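Spelled out, the chains give:
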Amino acid sequence: MLKGFEKDNPDVTVEVTPIPWDSAHDKFTSAIAAGTAPDVAQVGSTWMAEFVSLDALEPTPENIATDDYFPGALESVTVEETVYGVPWYVETRVVFYRKDIAEEVGITEPPTDWEGLFEMARAMQGGPEGEWGIALQPGGDGSWQTVLPLFWSNGGDVVTEAGDEFTFASAENEEALAYYQSYFTEGVSDPAPPEGATEQDFVSGAVPMFISGPWMMAAVESVGGEGFADKYGVFVMPEKETSASFLGGANIGVFQGSQNRDAAWKLIEHLSRPEVQVAWFEQVGDLPALQSAWEDEAVASNEKFEVFHTQLGNAFAPPTIATWEQVAAKLDAQIEQVCKQDLDPAAALESVQSDAQGIGTGA
């Protein structure tokens, strides 16, 4: 991926250091504290505000264009109206379903609203191999990424527009969390799913629906083998007031104090070109953050990717506040209580609200 950059910039040598994702955050914070941060780095979308609060990231220079990124992606690199770095690739979540099983139970069109999704999951559960209707995460690490979009879909949110106060405890969020809980209380989703079984259960038909991102296409097709791609489809998240999904991915930025600042931003500009983003997509399947890159035939020719493209127009990043990782962990814990212990959603959200206020937004 760097050959073109090195050809255009023969005086620059780029040393690439791979870091395991599960240890990257702590390695970065340690490097920031020690003053040994790299020149350029891939930065998790939920880490941006925290690193900005540590005065660790440089604002994006005016010569780096940002007007072609998906709005939700640009939001993920914007902290208090200042852009830091750029989105590199994006992902969002949609509903995967077995088209062949849906047809067997009389479903020919995907649902468009919450009620329709629940009824489809219940009907799919009654299919020939069905054990559960849809795989949903019953709490635990990262479960907020599925629940938060339901808050947005119902007109709720978790912080004020200014980002200085939390708003977990609201009627909109309570209704959304109760809806999520109903999949478990009604026996449609497994409250104790075996780890790593999503692909196999989807292929066998035991769990013919789940919500996830584009990386799962290759995963289920690998398990399902030749011809399986024709047996499943994807559709955008159903709406309450609107369709909403989580926008994740990764950003790239330059750390403060870089001794190679100009070269670092040249590298970011190179990685942000549409043709380079398409080449990255072809290598690893990560979705381009630039809207113009989606005009390339390599991306646009797959109808399933077009569903992700549509969803990206209504996909949103989590709040860009310095303490989000800590607050999200509190939400994950309460979602688990709601799904596994039948905790009242209102009580769960009150608990998250109280814990979040204690943590603060970092604003």
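Here the structure is shown first, and the text comes after it.
Residues numbered from 1 in each chain as written. Predicted model: local features only at pLDDT ≥ 70, side-chain atom pairs only at ≥ 80, totals over all residues. Heavy atoms only, no water.

Asker: Help me out: how do you make sense of the pattern of salt bridges in this one?
Answerer: When the charged atoms of two side chains with opposite charge come close together, those side chains can pair. Inspection of the entire model under this criterion finds eight salt bridges. The residue E269 makes a salt bridge to R273 at a minimum N-O spacing of 3.1 Å. Each of the salt bridges in this network shares a partner with another, and the network as a whole consists of D8, E269 and R273. (Salt bridge = Lys/Arg side-chain N within 4 Å of Asp/Glu carboxyl O.)

Asker: Can you help me understand the side chain of N173 in this one?
Answerer: Along the chain, the position of N173 falls in helix α8 (residues 171-185). Every residue in contact with N173, bar those within four places of it in the chain, is listed here: F151, G156, D157, T167, F168 and L349. (Helix = DSSP H or I, 4+ residues; strand = E, 2+ residues; numbered from the N terminus. Contact = heavy atoms within 4.5 Å.)

Asker: Teacher, can you tell me more about the packing of α8 against helix α16 (residues 345-359) here?
Answerer: Relative orientation and spacing of two packed helices are given, respectively, by the angle between their axes and the distance between those axes. Between α8 and α16, whose axes approach to 9 Å, the crossing angle comes to 120 degrees. Between α8 and α16, the angle is such that the two are oblique. For the crossing formed where α8 meets α16, the hand is right-handed. Note on element contacts: α16 touches α8 through P345, A346, A348 and L349, opposite N173, E174, L177, A178 and Q181. (Axes fitted to C-alpha atoms, helices over the stretch in contact; angles between N-to-C directions. Parallel < 35°, antiparallel > 145°, perpendicular 65-115°, else oblique. Left-handed = near helix turned anticlockwise from the far one by under 90°.)

Asker: Would you mind going over a negative patch on the surface with me for this structure?
Answerer: Together, D113, E115, E119 and E239 make up a negatively charged patch on the protein surface. Mapped onto the fold, E115 is located in helix α6 (residues 114-125). Overall, E115 belongs to the exposed group, its relative accessible area being 60%. (Patch = residues over 30% accessible without salt bridge, like charges linked within 9 Å, V, L, I, M, F, W, Y side chains within 5 Å. Areas by Shrake-Rupley, 256 points an atom, 1.4 Å probe, with all protein chains shown as cover. Lys, Arg positive; Asp, Glu negative; His and termini not counted. Charge placed at Lys NZ, Arg CZ, Asp CG, Glu CD. Buried < 20%, exposed > 50% of the residue type's maximum accessible area, 1.4 Å probe, protein only.)

Asker: Would you take a moment to explain the side chain of T92 for this structure?
Answerer: Note that T92 resides in strand β4 (residues 86-92). With relative accessibility at 0%, the residue T92 sits in the buried group. Not counting chain neighbours up to four residues away, the residues in contact with T92 comprise S212, G213, P214, S245, F246, F308, Q311, L312 and A315.

Asker: I tried to follow the sheet that holds strand β5 (residues 94-98) on my own but got confused; where do I start?
Answerer: Strands belonging to one sheet form pairs held by backbone hydrogen bonds; the direction of such a pair is parallel or antiparallel. Strand order in this open sheet of three strands is β6-β5-β7, and the pairing throughout is antiparallel. The open sheet terminates on both sides in strands that have one partner only, identified here as β6 (209-212) and β7 (232-235). Geometrically, the sheet is characterised by an average inter-axis angle of 25 degrees between neighbouring strands, direction not taken into account. Along the sheet, helix α14 (residues 303-312) makes contact with β5, β6 and β7, crossing β7 at roughly 15 degrees. (Pairing = 2+ DSSP bridges.)

Asker: How should the environment of K330 be read in this particular structure?
Answerer: Relative to the helices and strands, K330 resides in helix α15 (residues 324-341). Given a relative accessible area of 36%, K330 falls into the partly exposed group. When the C-alpha atoms of K330 and D262 are compared, they prove to be 40 Å apart, with 68 residues separating the residues in sequence. Not counting residues within four places of it along the chain, the set of residues in contact with K330 comprises V352, D355 and I359.

Asker: Where do I start with α14 in this structure?
Answerer: It helps to recall that an α-helix has 3.6 residues per turn; residues three or four apart then point in one direction. For α14, every residue scored as buried is listed here: K304, F305, V307, F308, Q311 and L312. All buried residues of α14 project into a common sector of 150 degrees when viewed along the axis, lining one side. Of the residues in α14, the exposed ones pointing more than 90 degrees away from the buried face are E303 and T310. The N-cap of α14, judged by a side-chain oxygen 2.8 Å from the amide nitrogen of K304 a few residues on, is N302. (Arc of directions from axis to C-beta. Polar contact = N/O pair within 3.5 Å; in protein donor to acceptor, adjacent residues only side chain to side chain.)

Asker: Please explain the nonpolar core as it appears in this structure.
Answerer: One recurring pattern in soluble globular proteins: nonpolar side chains tend to sit buried together. The biggest cluster of nonpolar side chains holds 48 residues, and the ones touching the most others in it are F168, Y183, M209 and W324. Mapped onto this core, the elements with two or more residues apiece are β5, α5 (99-104), α6, α7 (144-153), α8, β6, α15 and α16. Take this core: its biggest share by element is seven residues, from α15. Counting 45 residues, the second-largest nonpolar core is a separate cluster that includes F5, A73, Y89 and V278. (Core = buried A, V, L, I, M, F, W, Y, C linked by side-chain atoms within 4.5 Å.)

Asker: Looking at this model, I keep getting lost on α16. Mind explaining?
Answerer: With 15 residues, α16 extends 21 Å from end C-alpha to end C-alpha; this agrees with the ideal 21 Å at 1.5 Å per step. Taken residue by residue, α16 has P345, A348, L349, V352, Q353 and A356 as its buried positions. An end-on view of α16 places all buried positions within 135 degrees of arc, on one side of the element. With respect to the buried face of α16, the exposed residues turned more than 90 degrees away are Q357 and G358. Contacts made by the buried residues of α16 are with α7, α8 and α15. Directly after α16, the chain includes G360, whose backbone phi takes a positive value near 85 degrees. (Expected span 1.5 Å × (residues − 1).)

Any functional reading would require information beyond the geometric quantities listed.
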